[in-house]
Amino acid sequence: MMWDRLSWRTRMNWVKWSFSSRYRRSSVALGKVDSLLTGSLSSPVTSLWSRVLEGASIPGSSAMDSGVAEGAGKVYIDGNMLAVKALAAAGVETMYGVVGIPVTSLATYAMKVGIKFIAFRNEQSAGYAASAAGYLTGKPGVLLTVSGPGCVHGLAGLSNAMINTWPLVMISGSCTQKDIGKGDFQELDQMEAVKPFVKYSGKASQISEVPEVVSKAFQVALEDQPGGTYIDLPSDVLHENISVEEAEKLLAGVKAAKPMFSRELECHCSESDIQEALSLLHKAEKPLVVFGKGAALSRAEGAIKQFVERSGIPFLATPMGKGVISDTHHLSAGAARSLALRESDVALVIGARLNWLLHFGEPPQWSDSVKFILVNTSKEEMELRRPAVKLVGDARMVMTELNKQWKDSPFSLGDKHPWVEKLKNKASDSVEKMAARLKQDVVPFNFLTPLRIIRNAISSLGSPTPILVSEGANTMDIGRTVFQQLEPRTRLDAGTWGTMGIGMGYSIAAAVESPGRLVVAVEGDSGFGFSGFELETIVRYNLPIVVIIFNNDGVYGGDRRTPEDKEGPLKDFPAPTSFIPCARYDKVMEAFGGSGYFVKEPKELESAVNEAFASKKPALINVRIDPFAGSESGRMHHKN
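## Regarding the side chain of S344
Phase 1 of the analysis: When you line up the elements, S344 lands in the loop between α15 (337-343) and β11 (346-350).
Phase 2 of the analysis: Relative accessible area serves as the criterion here: at 1%, S344 is assigned to the buried category.
Phase 3 of the analysis: There is a polar contact of 3.5 Å between the side chain of S344 and the backbone oxygen of L341.

## So, the nonpolar core
Generally speaking, soluble globular proteins have nonpolar side chains that are buried together.
Phase 1 of the analysis: Ranked by internal contacts, the top residues of the largest apolar core, which has 153 residues, are M95, Y96, I304, L348, I350, L391 and V547.
Phase 2 of the analysis: Residues L451, L518, F550 and Y597 belong to the second largest nonpolar core, which totals 32 residues.

## Description of the pattern of salt bridges
Phase 1 of the analysis: If you walk through the whole model with that rule in mind, you get 25 salt bridges.
Phase 2 of the analysis: D179 is paired through a salt bridge with K178; the nearest N and O atoms lie 3.4 Å apart.
Phase 3 of the analysis: Shared partners join several salt bridges into a network, and the residues in it are R121, E536 and R540.

## Let's talk about the environment of A303
Phase 1 of the analysis: Relative to the assigned elements, A303 resides in helix α14 (residues 301-311).
Phase 2 of the analysis: Assessed through its relative accessible area of 11%, A303 is described here as buried.
Phase 3 of the analysis: Separated by 95 residues in sequence, A303 and V398 have C-alpha atoms that sit 9.0 Å apart.
Phase 4 of the analysis: If sequence neighbours within four positions are ignored, A303 has contacts with R396, M399, T400 and N403.

## Quick look at unusual backbone geometry
Phase 1 of the analysis: The omega torsion across P363 and P364 is 5°, close enough to zero to call that bond cis.
Phase 2 of the analysis: As for its position among the elements, P364 is in the loop between β11 and β12 (371-376).
Phase 3 of the analysis: The linkage connecting S463 with the following residue, P464, adopts the cis geometry, with an omega of 0°.
Phase 4 of the analysis: Positionally, P464 belongs in the loop between α19 (448-459) and β14 (467-471).
Phase 5 of the analysis: Here D224, not a glycine, exhibits a phi torsion of approximately 50°, which is positive.
Phase 6 of the analysis: With respect to the secondary-structure elements, D224 resides in the loop between α9 (210-222) and β7 (228-234).
Phase 7 of the analysis: Its identity is not glycine, yet K616 carries a phi of approximately 50°, on the positive side.
Phase 8 of the analysis: With respect to the helices and strands, the residue K616 is situated in the loop between α25 (602-615) and β19 (619-624).

Definitions and cut-offs
- Residues numbered from 1 in each chain as written.
- Predicted model: local features only at pLDDT ≥ 70, side-chain atom pairs only at ≥ 80, totals over all residues.
- Heavy atoms only, no water.
- Helix = DSSP H or I, 4+ residues; strand = E, 2+ residues; numbered from the N terminus.
- Buried < 20%, exposed > 50% of the residue type's maximum accessible area, 1.4 Å probe, protein only.
- Polar contact = N/O pair within 3.5 Å; in protein donor to acceptor, adjacent residues only side chain to side chain.
- Core = buried A, V, L, I, M, F, W, Y, C linked by side-chain atoms within 4.5 Å.
- Salt bridge = Lys/Arg side-chain N within 4 Å of Asp/Glu carboxyl O.
- Contact = heavy atoms within 4.5 Å.

What follows is the structure in structure tokens.
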């Protein structure tokens, strides 16, 4: 019988017998052993006992290693315990994942040393949760998977971290090393599988290598441009044993991973680069500040707000950059986005890439003569875009330097500047038009009516504002223009990759990493379906998550085929975009023990959101939407 399977009482009895027999010559009497077990006696042996309870092994028992002499007096731990102690030393507080062969003991031991393990139903969702945790905390999120297929499923989260440049460490068990190439259980070259998605991958081929691999994975995940790293722990290594004394020496070398915002990060740009950027902005007639989720990740909100308010330059945020400065700020040009992009002559882009979300920085959305000042950790991004000024470094550090040097040559556009007034007028006009559309109660629901009701309910809660998670084509795209983000890192959506299926994982991470804060997930029915069974996870951990599903019968809106498309031998087969009409997702939540609501009318929705928000308990609101509201592919119709 393995030691870690023995009951608490059995362990106590064994230690009692072992100590009384082994240490009889050193006058450790049976009565004193009883006192040690109950914690009522102070002795050097007490530390030995505490280690035993943590899962350590003692030579001479049926659970011990072979090759250790009886009576040697050494305490041993296995690879699982060494790994979790290394993780604890690296500063890990929470892990996300799915257990099974060969990592179940690792997750169990993690809980014993104080690391929360959030057990998911699928590694994909767990991976999305871990990647979001990295974004929200500034420290690497941690994903644990089983070997083979589990590792493959985990690649979703690992690749998501890579493309969003979020710190993540994925840990997978792997097959026994001596059986590689023989067709072992769940055998896969996992080091090769993860290669396209990581900055570093390390395999502990023996137990003594575990702490070093763990330490390096966490440090590299945070270096320069954040991203994913990978730790491979073979099954045989997890079952190896090492003395506590040797383990402690190895663990002493593990460095704690500090959050990005608490680290002294480098600003790789020179003073002349800073001055060139300030000069360009000063001379500009229509300057613009644009920031993205990279600015939110680095906690640059204070420095950016200071610069914007000093200079008077209008700003725009990318979808997940919303809230770095409140959407309600008087210099926000969000409601005049097209005009701001089209006419700006100098754009300071902070923590955002000139990818598809910003139209590649190219005409016709941008002026062909616009000059870009890029603030980014990625040297590759600089080489690709070739901006007028390259400010390589962490957004918070670079903006701090800009503010310092701004004092030497201050400037401010002022509220009456023609460019500022032009954007304000356009934004005011757009807001008025949207307000008129939002004011209407449309039944059957379009997207705007329920979005307005949800927005008003969120606004009534005050600060701290809930964390909003959003996915789905129309639901996410239209919602972005309706919801206002007042605080940083309060919007999580499909991100750079436009990934569907992130909703439940992101929501769980947001609730876990921001204890007590309400999380509101506004989901399209298609996006929700990717990870819907994680409702059970939400209920199991009693998380304050309210899931609101915009149910329009399918992808984009169910069966929208023209009569010409409904021809051929399969004309009566369900359309590729259609789901079961009027599906009762609320009943699924109720089946798990949460609260479910099914609504078709404005008053019903108002009542449901107010009740669910107030309870801060797991809830799902199933909102019936007109299947013909919205458009195919949302705002990406030209690509489908």
